Amino acid sequence: MKLEDEKMLKVIEKIFSVEQSRFIVVGIMNTIIGTAAMLVCYNFLHMGYWASSAMDYVIGSIFSYFANKYFTFQMKKKSGAEAIRFVINILVCYFLSYGIARPFIDLILKGLSLSRSLMDQISMLFGTGIFIVFNYFGQKFFVFRK
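Draft legend 1. Quick look at the environment of Met75. If you trace the backbone, Met75 turns up in the loop between helix H3 (49–72) and helix H4 (80–109). Taking the C-alpha atoms as reference points, Met75 and Met47, separated by 28 residues in sequence, lie 36 Å from one another. Those residues in contact with Met75, other than ones at most four positions away along the chain, are Lys69, Tyr70, Glu82, Phe144, Arg145 and Lys146.

Draft legend 2. Here's a closer look at the pattern of salt bridges. Enumeration according to the criterion identifies 5 salt bridges in this entry. Among the salt bridges present, the one from Glu82 reaches Lys69, with a minimum N-O distance of 2.3 Å. Highlighted residues: Glu82 in helix H4 and Lys69 in helix H3, separated in sequence by 13 residues. The class of Glu82 is buried, set by a relative accessible area of 1%. As a salt-bridge pair, Asp120 and Arg116 come within 3.0 Å of each other at their nearest N and O atoms. Here Asp120 pairs with Arg116, and both are found in helix H5 (residues 116–143), just 4 residues apart, close to one helical turn.

Draft legend 3. View of the packing of aromatic side chains. Here the structure, examined in full by the defined rule, presents 16 aromatic pairs. For the ring pair Tyr65 and Phe86, a centre distance of 5.0 Å and an interplane angle of 70° mean the geometry is edge-to-face. In this pair, Tyr65 sits in helix H3 while Phe86 sits in helix H4, placing the two residues 21 residues apart along the sequence. For the pair Tyr65 and Phe86, a shared accessibility class is recorded, and that class is buried. Seen from their ring centres, Tyr94 and Tyr98 are 5.3 Å apart, and the 40° between their planes marks the pair as tilted.

Draft legend 4. Helix H2 (residues 18–43), seen in detail. In this model, H2 (26 residues) spans 37 Å end to end at C-alpha, consistent with the 38 Å of a helix rising 1.5 Å per residue. Looking only at H2, the buried set comprises Glu19, Phe23, Val26, Asn30, Gly34, Thr35, Ala37, Met38, Cys41 and Tyr42. On its buried side, H2 packs onto H3, H4 and H5.

Draft legend 5. Examining the packing of H3 against H5 more closely. Two numbers describe how H3 lies on H5: the axes approach to 12 Å, and their chain directions differ by 30°. Comparing their axes, H5 and H3 come out roughly parallel. Relative to H5, the crossing made by H3 is right-handed. Each of Tyr49, Ser52, Ser53, Asp56, Tyr57, Ser64 and Asn68 in H3 lies in contact with H5, whose residues at this interface are Asp120, Ser123, Met124, Gly127, Thr128, Phe131, Asn135 and Gln139. A breakdown of the residues in the contact of H3 with H5 according to their chemical character gives 4 nonpolar, 9 polar and 2 charged.

Rules of the game
Residues numbered from 1 in each chain as written. Predicted model: local features only at pLDDT ≥ 70, side-chain atom pairs only at ≥ 80, totals over all residues. Heavy atoms only, no water. Helix = DSSP H or I, 4+ residues; strand = E, 2+ residues; numbered from the N terminus. Contact = heavy atoms within 4.5 Å. Salt bridge = Lys/Arg side-chain N within 4 Å of Asp/Glu carboxyl O. Buried < 20%, exposed > 50% of the residue type's maximum accessible area, 1.4 Å probe, protein only. Phe/Tyr/Trp six-rings, centres within 6.5 Å; stacked < 30°, edge-to-face > 60°. Expected span 1.5 Å × (residues − 1). Axes fitted to C-alpha atoms, helices over the stretch in contact; angles between N-to-C directions. Parallel < 35°, antiparallel > 145°, perpendicular 65-115°, else oblique. Left-handed = near helix turned anticlockwise from the far one by under 90°. Nonpolar A, V, L, I, M, F, W, Y, C, P; charged D, E, K, R; others polar.

Below, the structure written as structure tokens:
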């Protein structure tokens, strides 16, 4: 590794802990997988706002649980209570995020005469961003607490 690369790595390590960096990597992968599923469900399967956004989290949560458990937070023990906390965390984050996103986007963009479909998709993407923040803290302090 070059000296320049080592310096850059040290700067990145100062900005993000290893745990936060791993969560970001898992989150990027999870977001790509889940968002693709959500948009396919909404646009091609015509499942509607709540069903499509829920599919995002059903599919993404399965991946997220195992990736964050073993890779991000490096938890080795098997725990039914941990799995239950994970499901509770996902449900709380989901309903908060999408419950906030849709009315917020409707309020902010109401004067633009956009279609309901476009408004829903903007809301779903905004809800994804809110979810990421809530989910990190929920997983760190509630699900995989040490």
